[in-house]
Amino acid sequence: MKIKEIIVVEGKDDTVAIKRAVEADTIETNGSAIDEKTIEQIKLAAEVRGVIIFTDPDFPGEKIRKTIIEKVPNCKHAFLPKELAKQKNGKKIGVEHAKPEHIRKALKEAHVMDIEPQELITQQDLIYYRLVGDPNAKTRREKLGDLLKIGYTNGKQLHKRLQMFQISRESFVQAMEQIFQEEQINE
């Protein structure tokens, strides 16, 4: 599988994992302190070939993603669920630990965030579906992020992420129904 866009990753190990999974070029941010030179490379890549941001599913990875989209808004985003990015011993999380098939799937499902999003899902919906203010809210948000391919977010960021990706009300409701069905089965 050959990827046209340039993939932005955190480091060398991520590049190695990407190249095991697909034929692609990468730009490495070398951590969350992205310098201006790297931002300029990403801007050029976005103009010439397009960019897919593929950072680790953790706090530093989200910080890198936010830094990039502030300066280069028209990027695609690929997400890996935490459980598919865990090191074999379960201690570390990162793209470099993912299996090639999971990397390919995440890249195939990469999508663009909408810059001026419409509100299709309200904050009230998040309360109604117990995604905030509920003892199981975090687990539900993790599952929702995996099902909708938008990654995990905390309660404050979920509404914004749903808007940015323009997740349809129908997709949101279907995902929530699936989550609630799984919860009933596991009770």
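Residues numbered from 1 in each chain as written. Predicted model: local features only at pLDDT ≥ 70, side-chain atom pairs only at ≥ 80, totals over all residues. Heavy atoms only, no water.

Attention now goes to the packing of helix H1 (residues 12-21) against helix H4 (residues 100-108). Look at H1 against H4: their axes get within 8 Å of each other, and the N-to-C directions meet at 85°. In terms of their interaxial angle, H1 and H4 are classed as roughly perpendicular. From H1, Ala17, Ile18, Arg20 and Ala21 reach across to H4, where they touch Pro100, Ile103 and Arg104. (Axes fitted to C-alpha atoms, helices over the stretch in contact; angles between N-to-C directions. Helix = DSSP H or I, 4+ residues; strand = E, 2+ residues; numbered from the N terminus. Parallel < 35°, antiparallel > 145°, perpendicular 65-115°, else oblique. Contact = heavy atoms within 4.5 Å.)

Moving on: the nonpolar core. Among the nonpolar cores identified, the biggest contains 21 residues, and Leu126, Leu131, Leu144, Leu162, Ile167, Phe172 and Met176 are the most heavily contacted of them. Where this core is concerned, the elements lending two or more residues are helix H6 (137-148), helix H7 (155-164) and helix H8 (169-186). Other than its neighbours up to four places away in sequence, Leu126 contacts Ile121, Leu131, Val132, Leu158, His159, Leu162 and Phe172. Formed by 19 residues, the second largest nonpolar core is a distinct cluster that contains Val22, Ala85, Ala106 and Ala110. (Core = buried A, V, L, I, M, F, W, Y, C linked by side-chain atoms within 4.5 Å. Buried < 20%, exposed > 50% of the residue type's maximum accessible area, 1.4 Å probe, protein only.)

For the rest of this paragraph, the subject is the side chain of Asp125. Relative to the helices and strands, Asp125 resides in helix H5 (residues 123-128). Residue Asp125 is classed as buried on the basis of its relative accessible area, which comes to 10%. Aside from chain neighbours lying at most four places away, what touches Asp125 is Leu120, Arg169 and Phe172.

Reading across from one edge, E2-E1-E3-E4-E5 is the order of the 5 strands in this open sheet, with mixed pairing throughout. Strands at the two margins of the open sheet, each flanked by one partner only, are strand E2 (26-28) and strand E5 (111-112). Summarising the sheet, strand E4 (residues 76-77) and E5 pair through 2 bridges and their orientation is antiparallel. Each residue of the ladder has a partner; that of His77, found in E5, is His111. Running over the sheet, helix H2 (residues 36-48) touches strand E1 (6-9), E2 and strand E3 (51-53) and is turned about 160° from E2. Its contacts with the sheet put helix H3 (residues 59-71) on E1, E3 and E4, and the angle it makes with E3 is roughly 150°. (Pairing = 2+ DSSP bridges.)

Looking now at the packing of aromatic side chains. Applying the stated criterion across every chain, the model contains 4 aromatic pairs. Seen from their ring centres, Tyr129 and Phe172 are 5.3 Å apart, and the 90° between their planes marks the pair as edge-to-face. With Tyr129 in the loop between H5 and H6 and Phe172 in helix H8, this pair connects stretches of sequence that are 43 residues apart. Of the two residues examined, Tyr129 and Phe172, each falls in the buried class. Plain terms: the ring middles of Tyr129 and Phe180 are 6.4 Å apart, the flat faces sit at 20° to each other, and that makes the pair stacked. Taken as a pair, Tyr129 in the loop between H5 and H6 and Phe180 in helix H8 lie far apart in primary sequence, 51 residues in all. Tyr129 gets classed as buried once you look at its relative accessible area, which sits at 13%. These aromatic residues form a ring-pair network of at least three members: Tyr128, Tyr129, Phe172 and Phe180. (Phe/Tyr/Trp six-rings, centres within 6.5 Å; stacked < 30°, edge-to-face > 60°.)

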